[in-house]
Amino acid sequence: MYSSAMTFVSDSRTVAELCRRLAEEPYVCVDTEFMRERTYYSRLCLVQLAGARDAVAIDALAPDVDLAPVLDLMNDPGVIKVLHACRQDLEIFHDRTAAVPAPVFDTQVAAMVCGFGEAVSYDALVHNLTDMRIDKGSRYTDWARRPLSDAQLAYAISDVTGLRQVYEILQERLRTSGRADWLEEELAGVTDPGTYAIDPRESWRRIKARNRSPRFLALVRELAAWRESEARRRDRPRAWIMRDDVLLAIATRAPRTVEQLAGVRNVSERVASGRSGRDLLDAVARARALPDHACPQLPAPPAASSRTAIVDLLRVLLKLKSEQHSVAARLIATGADLDAIAEHGGAADSPALRGWRTRVFGDDALAVRNGELALRARGDRVELVRP
């Protein structure tokens, strides 16, 4: 398949020449290897690229390597970027350029559209479509360590070489089934820059708090915004700055003084009396000073549905439609979608009632919910019938 040897590239000249060649091709297969255990931002270690003639792993940690040609290639609108489970890879490129690579083809999402089950793994998909087996023995490599062994590099490059055949097979299946627009709908979210632009003042929504009072949530919001900004500034994981349980304890105590802050469990006197302590007390003070109407509120938790039987019927319908159309059930509708449709009918704010899902499932789901369509068992099959 490849006329050049599979290569480990660590110099800028070769990277630039490689990207120049790849920019002339209609698509390029992309993967990354990164580490994030000790940092806020992913530490990019390798970028693997495969075209018609080249399959390489670029050493992103080489001291003098210039990745600008790679970033330009990722943002080239004339080249399709083919990835598998692309979200983390796209986030890495977005963090470096504030742009999301486009256009993108995600083979995992495409496989779900084509009926290969939910969240199918790369190695399983490659084997299913090509009979090629991927050796996953180097999966847990520390990609920041150098040198990398031949086995590790072979594993890294195999993550893009197999993508070429997978892409071409899935692309043809999407074309013949008329589902290419389904994939575009699914990828709209992951290719939206807003998906990766996290507002520190919205980071509180990640935290699970039992207390739902607006004033308490205001405290959580201010403290979480400080933690998010501090994690970015230091490039350290959020939990290294402050664990959720400590943040919630501070919000509960709402300290006004250094002494009160130091009295919170797992907050040391050194932290309380230092810069972080001053920032935390300022955050608490801002939350205390907010007028009631400016405090965040969460919607009331949904009550248990009184329409359990309807949800059960919709679940059977979903399975039937998934099998009929050879598309992953989770891609069509989630349990929350079924609950919403059962409870609110056509007024439900559900993706299952929009776009291609309407034709595949939504219209019939509303008909079942409204008693206009019934499910009937016939032998070992389920059928839809008009009452």
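Bear in mind that the values here come from a model prediction, so they are computed numbers and not experimental data.

A separate point is the nonpolar core. Counting residues in each nonpolar core, the largest one holds 94 residues, and the members touching the most others are Leu-49, Ile-58, Leu-170, Leu-314 and Phe-361. A per-element tally of this core places helix H6 (residues 150-177) first, with 10 residues. Setting aside anything within four residues of it in sequence, one finds Phe-361 in contact with Leu-314, Leu-317, Leu-318, Lys-321, Ile-332, Ala-333, Leu-338, Ile-341 and Ala-352. Ranked by size, the runner-up nonpolar core spans 30 residues in total, among them Ile-207, Trp-226, Ala-272 and Ala-283.

We now examine the sheet that holds strand S1 (residues 7-9). Within a beta sheet, neighbouring strands are joined by backbone hydrogen bonds and run either parallel or antiparallel to one another. Strand order in the open sheet formed by 6 strands is S1-S4-S3-S2-S5-S6, with mixed pairing between adjacent strands. Taken across any chain shown, the strands that pair with only one partner, and hence form the sheet edges, are S1 and strand S6 (104-106). Averaged over all neighbouring strand pairs, the angle between strand axes comes to 30 degrees, with direction disregarded. Taken together, the 5 bridges between strand S3 (residues 43-50) and strand S4 (residues 55-59) define a ladder with antiparallel strand orientation. In the strand pairing of S4, Leu-46 is matched with Asp-59. Strand contacts of H6: S1, strand S2 (27-35), S3, S4, strand S5 (80-83) and S6, with the helix running at about 140 degrees to S2, the strand carrying the most contacts.

For the rest of this paragraph, the subject is the side chain of Glu-228. Note that Glu-228 resides in helix H8 (residues 214-234). Glu-228 has contacts with Tyr-40, Ile-198, Pro-200, Ser-203 and Arg-238, leaving out every residue within four places of it along the chain.

Before going further, it helps to spend a moment on helix H14 (residues 308-325). Compared with an ideal rise of 1.5 Å per residue, which puts 18 residues at 26 Å, H14 spans 26 Å between its outermost C-alpha atoms and is within 8% of the ideal. Within H14, burial applies to Ile-310, Val-311, Leu-314, Leu-317, Leu-318, Leu-320, Lys-321 and Ser-322. Check the buried side of H14 and you find it contacts helix H15 (329-332), helix H16 (335-344), helix H17 (356-369), strand S7 (374-378) and strand S8 (381-385). One or two steps after H14, the chain reaches Ser-326, where phi turns positive at roughly 50 degrees.

Time to look at the pairing of S2. Counting buried residues in S2 gives 8 out of 9 residues, a clear majority hidden from the surface. The pairing of S2 with S5 spans 3 bridges and is parallel. Following the sheet pairing, Tyr-27 is matched in S5 by Ile-80.

Between helix H7 (residues 180-187) and H17, the shortest axis-to-axis distance is 9 Å and the interhelical angle comes to 95 degrees. Classified by the angle between their axes, H7 and H17 sit roughly perpendicular to one another. Contacts between H7 and H17 involve Asp-181, Trp-182, Glu-185 and Glu-186 from the first element and Trp-356, Arg-357, Arg-359 and Val-360 from the second. When the residues that make up the contact of H7 with H17 are grouped by side-chain class, the tally is 3 nonpolar, no polar and 5 charged.

Note: S7 against S8, 5 bridges, orientation antiparallel. Of the residues in S8, the one forming a bridge with Arg-378 is Arg-381. Hairpin remark: S7 followed by S8, antiparallel, with 2 residues in the connecting loop; positive phi at Gly-379, about 65 degrees.

Conventions used here
Residues numbered from 1 in each chain as written. Predicted model: local features only at pLDDT ≥ 70, side-chain atom pairs only at ≥ 80, totals over all residues. Heavy atoms only, no water. Core = buried A, V, L, I, M, F, W, Y, C linked by side-chain atoms within 4.5 Å. Buried < 20%, exposed > 50% of the residue type's maximum accessible area, 1.4 Å probe, protein only. Helix = DSSP H or I, 4+ residues; strand = E, 2+ residues; numbered from the N terminus. Contact = heavy atoms within 4.5 Å. Pairing = 2+ DSSP bridges. Axes fitted to C-alpha atoms, helices over the stretch in contact; angles between N-to-C directions. Expected span 1.5 Å × (residues − 1). Parallel < 35°, antiparallel > 145°, perpendicular 65-115°, else oblique. Nonpolar A, V, L, I, M, F, W, Y, C, P; charged D, E, K, R; others polar.

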